[in-house]
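Take a look at the letters that make up each chain.
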Protein chains: 2
Amino acid sequence: MEISELGEFGLIERLTKDITTKDATTVKGIGDDCAILSPTKGLRTVVSTDLLMEGVHFDLTYVPLRHLGYKAIMVNLSDIFAMNAQPHQVTVSMAISSKFCVEDIEELYAGMRMACAKWNVDIIGGDTTSSLTGLAISITAIGEARSDDIVLRSGAKPNDLICVSGNLGAAYMGLQLLEREKAIYNEQIEEARRSGNKKQMELLRDAQPDFSGREYLLERQLKPEARGDIITTLKKTGIHPTSMMDISDGLSSELMHICHQSGTGCRIYEERLPLDYQTVAMAEELNMNVSTCALNGGEDYELLFTVPLAQNDTISVLEDIHVIGYMTEVDKGCALVTRDGGEFVLKAQGWNPLKK
Amino acid sequence: MEISELGEFGLIERLTKDITTKDATTVKGIGDDCAILSPTKGLRTVVSTDLLMEGVHFDLTYVPLRHLGYKAIMVNLSDIFAMNAQPHQVTVSMAISSKFCVEDIEELYAGMRMACAKWNVDIIGGDTTSSLTGLAISITAIGEARSDDIVLRSGAKPNDLICVSGNLGAAYMGLQLLEREKAIYNEQIEEARRSGNKKQMELLRDAQPDFSGREYLLERQLKPEARGDIITTLKKTGIHPTSMMDISDGLSSELMHICHQSGTGCRIYEERLPLDYQTVAMAEELNMNVSTCALNGGEDYELLFTVPLAQNDTISVLEDIHVIGYMTEVDKGCALVTRDGGEFVLKAQGWNPLKK
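Position numbers for residues start from 1 in each chain and track the written sequence from start to end. Chain A is the first chain written and ligand 1 is the first ligand written, with later ones labelled in order. Local features in a predicted model are, by the rule used here, given only for residues with pLDDT of at least 70; side-chain atom pairs are given and counted only at 80 or more, and totals for whole chains, interfaces and linings are based on all residues.

Asks: I tried to follow the interface of chain A and chain B on my own but got confused; where do I start?
Replies: Accessible area lost upon the coming together of the parts is a frequently used measure of interface size. Chain A puts 58 residues into the contact, and the matching count from chain B is 58 residues. Labels follow the DSSP assignment, with helices taken as runs of H or I lasting at least four residues and strands as runs of E lasting at least two, numbered in each case from the N terminus. Elements with a minimum of two residues in the side of chain A that touches chain B: helix H1 (3-16), strand E2 (35-37), strand E3 (43-53), helix H2 (65-81), strand E4 (86-96), strand E5 (122-130), strand E6 (136-146) and strand E8 (243-246) of chain A. Ranked by residues supplied to the side of chain A that touches chain B, first place goes to E3 of chain A with 9 residues. Of the residues belonging to the side of chain A that touches chain B, the class tally is 26 nonpolar, 20 polar and 12 charged. Note: two strands are recorded as paired if DSSP finds a minimum of 2 bridges between them. Relative to strand E3 (residues 43-53) of chain B, E2 of chain A is paired through 3 bridges, and the arrangement is antiparallel. Its bridge partner being in E3 of chain B, leucine 37 of chain A is matched across the sheet by threonine 45 of chain B. What counts as a contact here is a pair of residues whose C-beta atoms, placed from the backbone, lie within 7 Å. Three classes are used: nonpolar for Ala, Val, Leu, Ile, Met, Phe, Trp, Tyr, Cys and Pro, charged for Asp, Glu, Lys and Arg, and polar for all others, with Gly counted as polar.

Shown next, in the form of structure tokens:
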């Protein structure tokens, strides 16, 4: 169905007709000039926002709309968790070009709702409008935390242990895989077109690339999970990080933010970087340095945090959390110790959409 | 300066280096994964969001970037006032294409800061990223109000008086004026190009259209003001609207939202529609029906609200507030009574970006 048949209000009604709000702090969701919240007495509110643009943040030739919706929400919830807070609400704005039909936007929205449902987050409002060219998605996430629980980027001290959750570089490898298949596909289509082989073109249109053995990489790229489970684990074990942020642009870049804002240096060990088997295998296949991918890959949405050295015994036994180094005095700079004992200055080479 | 010289973090640093937060509920603004707010005890939080796309919501051939920034903020503050709340914070996200330089974005941001300063609103965060084609701006505004003070769209009752602030249709007339000048200019340039008249082309490039006597219309289109002053007036005089919203898409469309959500009908009078002299003159010049412009024009960002009939004496003497009709039982429908006493069914023909 064409979106213009419904118009803005018809589309909004269709997308949101069975949406109910469940969070105790949501008083009123979609349907007025503003949503209304009743903040929990004594808690702080935290707010994060992201703007995702087609062609810059996602490529719809290989990203299914449902996955895109899921990811758009998750990356914002990840920012809330990175404050050691709990997410409660999101607003969802979309600008849609005429190439999309109603069913497309329903798919996108279904993914968003799935991600919200996972963390009991309410969709409380937004804006639905048109775009001349691509799709634009803007999400604002709202959460709460006790003032004492909130963790900033600026609290790390020399000798604190540097920890990351999960593993690194897999989302980036997933992206490389998708980009490679896209390039191969485009080449084949182009060749079939040149040779006028219509049957071959039809076959190609229905063809699905074989990603077997690489499913984990795709999942990490297409359907990332915000690590709210790590926040729960830390709370349960009584660990209060001294600094924390989520890894969206790449470990190096994020770690340097923490060092800069905490006034420290850092020292991390290449051999400690947590890697999945598929990441290592894929990097080898592509002839890429897997450590570089883990350091600069981005989009892993794992948590990077520091804890006092005294908590070494507690943190070391926790599942899916890895100590990769420690903070130093600021004059030591940011250092990477390689497997062979060499030492390099850490550089932020991660994702920067406005850099050449 | 090219934006790519600075990159994302360099640009953010440059735009936000002298931003300080002033609002008592802002604990931490820009610089971490989230901003942190300390909601006022006992108050509700209200949240509104908008996504503005180049080519759909604004045309940079005649909208100066500073004005665009100002307007982008104001339209969101307008939504906060429309809840009878006070704005405290905004987040600002922008996706920028390569046609913009650093100075352009500084202009845009300067307009945003000017609008925020006017209402003592803090810029607490956002996202700055790139776009393949046009400029995209997403703003989320956050405000507070006592639960009892909040005014929804759904509270109007039959016999309530329908009020609007300011005057209607001027922003739409301003848009017509700008569009007309753009068309004339393009035609002249095209003609000069066809005839190879280079001198004429140069002259045209420096030419500024003469808008004298039409300044008010341009100001209404390019630099709208959110009517927080009306909220203050209502509070001072002890008037609590039964329903309220701001007029962004056009009076008819908004009034029908209120009727729909309140379960009422309405009856408004053409002769009561508040019009500025310049709006009337411009409509005449363009051979347009000025009432149609006032009913469907949009972008006036005036407040539309209803008050109990008993407050007629109080409301009637207030400056810049106009009673244009009254609410009816739902079965009476939505009616417009024309100057000659005719009666028409009100139709929502306002701005709808997703309608054909």
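Asks: Is there a simple way to think about the domain arrangement of chain A in this case?
Replies: The split into domains, and so the bounds of each, comes from an automatic or database assignment of domains. Looking at chain A, the domain boundaries give domain 1 (3-146), domain 2 (161-174 + 220-345) and domain 3 (182-216). With centres defined by C-alpha atoms, the gap from domain 2 of chain A to domain 3 of chain A works out at 37 Å.

Asks: I keep staring at the relation of the copies chain A and chain B and nothing clicks. Help me out?
Replies: Comparison of the two chain copies shows a relationship of rotation about an axis with a shift along it. Least squares is the method used to superpose the copies, on C-alpha atoms of residues holding a pLDDT of at least 70 in both. Superposing chain A onto chain B requires a rotation of 180° together with a translation of 0.0 Å along the rotation axis, leaving an RMSD of 0.1 Å. This pairing of chains is accounted for by a two-fold axis. Looking at chain A, 100% of its interface residues are interface residues in chain B too, so the copies touch through the same face.

Asks: What's the story with the sheet that holds strand E2 (residues 35-37) of chain B in this structure? I'm lost.
Replies: Strands belonging to one sheet form pairs held by backbone hydrogen bonds; the direction of such a pair is parallel or antiparallel. One open sheet holds the 6 strands; their spatial order is E5(A)-E4(A)-E6(A)-E3(A)-E2(B)-E1(B), and the pairing between them is mixed. The sheet is open, and its two edges are formed by E5 of chain A together with strand E1 (26-28) of chain B, each paired on a single side. Pairs of neighbouring strands in the sheet enclose a mean axial angle of 20°, with direction left out of account. In the sheet, E1 of chain B pairs with E2 of chain B via 2 bridges, with the strands oriented antiparallel. Looking across to E2 of chain B, one finds that threonine 26 of chain B is bridged to leucine 37 of chain B. Simply put, an axis is a line fit to the C-alpha atoms, just over the touching stretch for a helix, and the angle between two N-to-C directions goes from 0 to 180 degrees. Across the face of the sheet, H2 of chain A comes into contact with E3, E4 and E6 of chain A while running at roughly 30° to E6 of chain A.

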